[in-house]
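Residues per chain, in single letters:
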Amino acid sequence: MNSSITTSPSLPQVLVFAASDPSAGAGIQADILTLASLGCHPLTALTALTVQDTVGVQSVHPVSAELLEQQARTVLEDMPVAAFKIGVLGSVENVLAVAEIVSDYPETPLIFDPVLASGRGDELSGEEIISAIREMLLPQTTLLTPNAPEARRLAESADDDGEPSIDVCAQRLIAMGAQYVLITGTHESTPEVVNTLYGSAGVIRRDRWERLPGSYHGSGCTLASAIAGCIAGGASVEDAVRDAQDYTWQTLANAFRGGMGQLIPDRFFWARSEDDDTAPGETAKTDAP
């Protein structure tokens, strides 16, 4: 066995800042499963402990900002990182700590899934956290991956007469500093799920996916981590978004019922597939911008 260590890891390494989910449907466990499935080595800095299952979140217990920083700094001093992925941060102090850490690595892509509520609607990020995210993290974000309600909440303005469109939300979020914004349409009342990637010049791609029946625990975590994994592997943002959507749709199409609540995406569906002739993503249609 060759035990030699090289300066360049054979697997792309992604550092995840996220909360623990004991059900492993969402949170840092979902990130680990997704990144491992896509051939990456996941590194983790735990932001919070949660009490939750597939039905909902009972409580969130943030770790201290000092402990969060120690976790991340220790790993970063030892291991090169090809991308950052951020999920639930748990407190304003943790937002500030992560913002300071990633600012030391301005060339490393940052994929941010701004989880503001659970699938059931349990509050995970209050207004103070949202304000800190806008000011401290969005200016450092390579790609932001909100669902439509999260995009509207992050981009809302006191001057709004009604609910802003997702196009307006994307424009505002990019003006706040995010380089790209992928707004997912899972929460919209449309026959298909429409996901739209925006850049500074407007719409880059708009993908339409078959809307699957049921509700899924951790679909947003899966998508954001898959994008991070693809980018860490060398893909462009647009290609990573395309490939990660395909992967995520397949995890949902092969989801399983682990408990009494939402279905859990199968991040290793490919290891259990009996039909190797099925081309991933055949159900998707892409609109030209």
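What counts, and at which threshold
Residues take numbers from 1 onward in each chain, read along the sequence in its written order. Selection of residues for local features in this predicted model requires a pLDDT of at least 70, selection of side-chain atom pairs for listing and counting requires 80 or more, and totals for whole chains, interfaces and linings are taken over all residues. Processing note: side-chain calculations cover all non-hydrogen atoms of the structure and skip hydrogens and water entirely. Note on conventions: DSSP H or I runs of at least 4 residues are helices, E runs of at least 2 residues are strands, and numbering of each starts at the N terminus. Only protein chains enter the calculation, and the probe is 1.4 Å; a residue is then buried if its accessible area is under 20% of its type maximum, exposed if over 50%, and partly exposed in between. Two residues form a contact once any of their heavy atoms are found within 4.5 Å. Here the Shrake-Rupley method, with its probe set to 1.4 Å, supplies the accessible areas, and only the displayed protein chains count as covering residues. Note: two strands are recorded as paired if DSSP finds a minimum of 2 bridges between them. By construction, the arc corresponds to the directions joining the helix axis to the C-beta atoms. Here, expected helix span is obtained from the residue count minus one, scaled by 1.5 Å. Only C-alpha atoms enter the line fits that serve as axes; for helices the fit covers just the stretch in contact. Angles between N-to-C directions range over 0 to 180 degrees. To sort the angles, those under 35 degrees are grouped as roughly parallel, those over 145 as roughly antiparallel, those from 65 to 115 as roughly perpendicular, and the leftovers as oblique. Put simply, a crossing is left-handed when the front helix is turned counterclockwise from the back one by less than a right angle, and right-handed when it is turned clockwise. What makes a nonpolar core is a set of buried Ala, Val, Leu, Ile, Met, Phe, Trp, Tyr and Cys residues whose side-chain atoms join them at distances within 4.5 Å. Salt bridges are defined as contacts in which a side-chain nitrogen from Lys or Arg sits within 4 Å of a carboxyl oxygen from Asp or Glu. Here the term right-handed applies to a crossover when the path leading from its first strand over the helix to its second strand runs clockwise, the strands being oriented away from the viewer. What pLDDT conveys is the predictor's confidence in a given residue, as a value from 0 to 100.

Draft legend 1. Representation of the overall build of the protein within the structure. On a plain count of helices and strands, the protein comes out with 9 helices and 10 strands. Buried residues in the protein amount to 49% of all 289 residues. Considering only residue pairs separated by 6 or more positions, the protein has 68% of its internal contacts joining residues 24 or more positions apart. Per element, the accessible surface of the protein, about 13300 Å² overall, is 52% carbon and sulfur.

Draft legend 2. Highlighting the pairing of strand β7 (residues 180-183). As defined by bridge partners, strand β6 (residues 143-144) adjoins β7 across 2 bridges and the pair is classed as parallel. Looking at β7, one finds that Leu 144 is bridged to Val 181. Bridging between β7 and strand β8 (residues 192-199) involves 3 bridges; their strand directions are antiparallel. Across the sheet, Val 181 pairs through a bridge with Tyr 198, a residue of β8.

Draft legend 3. Summary view of the environment of Ile 204. Topologically, Ile 204 is positioned in strand β9 (residues 202-210). By relative accessible area, which is 23% here, Ile 204 ends up partly exposed.

Draft legend 4. Inspection of helix α4 (residues 127-137) at higher detail. Among the residues of α4, those classed as buried are Ile 129, Ile 130, Ala 132, Ile 133 and Leu 137. Each buried residue of α4 lies within a common arc of 160° when the element is viewed along its axis, so the set occupies one face. With respect to the buried face of α4, the exposed residues turned more than 90 degrees away are Glu 128 and Glu 135. In the core, the buried residues of α4 are packed alongside β4 (83-86), α3 (92-103), β5 (110-112) and α5 (148-155).

Draft legend 5. Structural context of α3. The end-to-end C-alpha distance of α3 is 17 Å, a good match for the 16 Å that 12 residues give at a rise of 1.5 Å each. Buried within α3 we find Asn 94, Val 95, Ala 97, Val 98, Ala 99, Ile 101 and Val 102.

Draft legend 6. Geometry of the packing of helix α1 (residues 27-37) against helix α7 (residues 219-232). The N-to-C vectors of α1 and α7 enclose an angle of 40°; their axes lie 9 Å apart at closest approach. When the axes of α1 and α7 are compared, the pair comes out oblique. Every pair of crossing elements has a handedness; the one defined by α1 and α7 is right-handed. Of the residues in α7, those in contact with Gly 27, Ala 30, Asp 31, Thr 34 and Leu 35 of α1 are Cys 221, Thr 222, Ser 225, Ala 226 and Gly 229.

Draft legend 7. Structural detail: the nonpolar core. If you look at the biggest cluster of nonpolar residues, it comprises 40 residues, and the most contacted ones within it are Leu 15, Phe 17 and Leu 137. Once you skip the residues sitting within four places of it in the chain, Leu 137 turns out to touch Ile 86, Leu 89, Val 95, Val 98, Ala 99, Val 102, Phe 112 and Ala 132. Of all hydrophobic cores here, the second largest spans 25 residues; its members include Val 16, Ala 228, Val 237 and Phe 269.

Draft legend 8. Up close: the pattern of salt bridges. The final tally for this structure, using the stated rule, is 11 salt bridges. Between Glu 238 and Arg 205 there is a salt bridge; the shortest N-O distance is 3.5 Å. Taken together, the residues span a long stretch of sequence, with Glu 238 in helix α8 (residues 237-253) and Arg 205 in strand β9 at a distance of 33 residues. The exposure class of Glu 238 is partly exposed, given its relative accessible area of 34%. Between Asp 266 and Arg 272 there is a salt bridge whose closest N-O contact spans 2.6 Å.

Draft legend 9. Looking closely at the pairing of β4. Of the two faces of β4, the one carrying Ala 83 and Lys 85 and the one carrying Phe 84 and Ile 86 are both buried. Note that strand β1 (residues 13-20) and β4 share 4 bridges and pair parallel. Bridge pairing in β4 links Phe 17 to Ile 86. Sheet analysis places β4 next to β5, joined by 3 bridges and oriented parallel. Across the sheet, Ile 86 pairs through a bridge with Phe 112, a residue of β5. In the classification by handedness, the crossover that spans β4, the intervening α3 and the parallel β5 is right-handed.

Draft legend 10. Focus on the side chain of Thr 251. Relative to the helices and strands, Thr 251 is located in helix α8. With near-sequence residues (within four places) excluded, Thr 251 lies in contact with Thr 222, Pro 265, Asp 266, Arg 267 and Phe 269.

Draft legend 11. Looking closely at the confidence of the model for the protein. On average, residues of the protein carry a pLDDT of 90, and 88% of them reach 70 or more. Contacts of residues 1-6 to residues separated by more than four positions or lying in other chains number 0 contacts, the stretch itself having pLDDT below 50. Contacts of residues 276-283 to residues separated by more than four positions or lying in other chains number 10 contacts, the stretch itself having pLDDT below 50.

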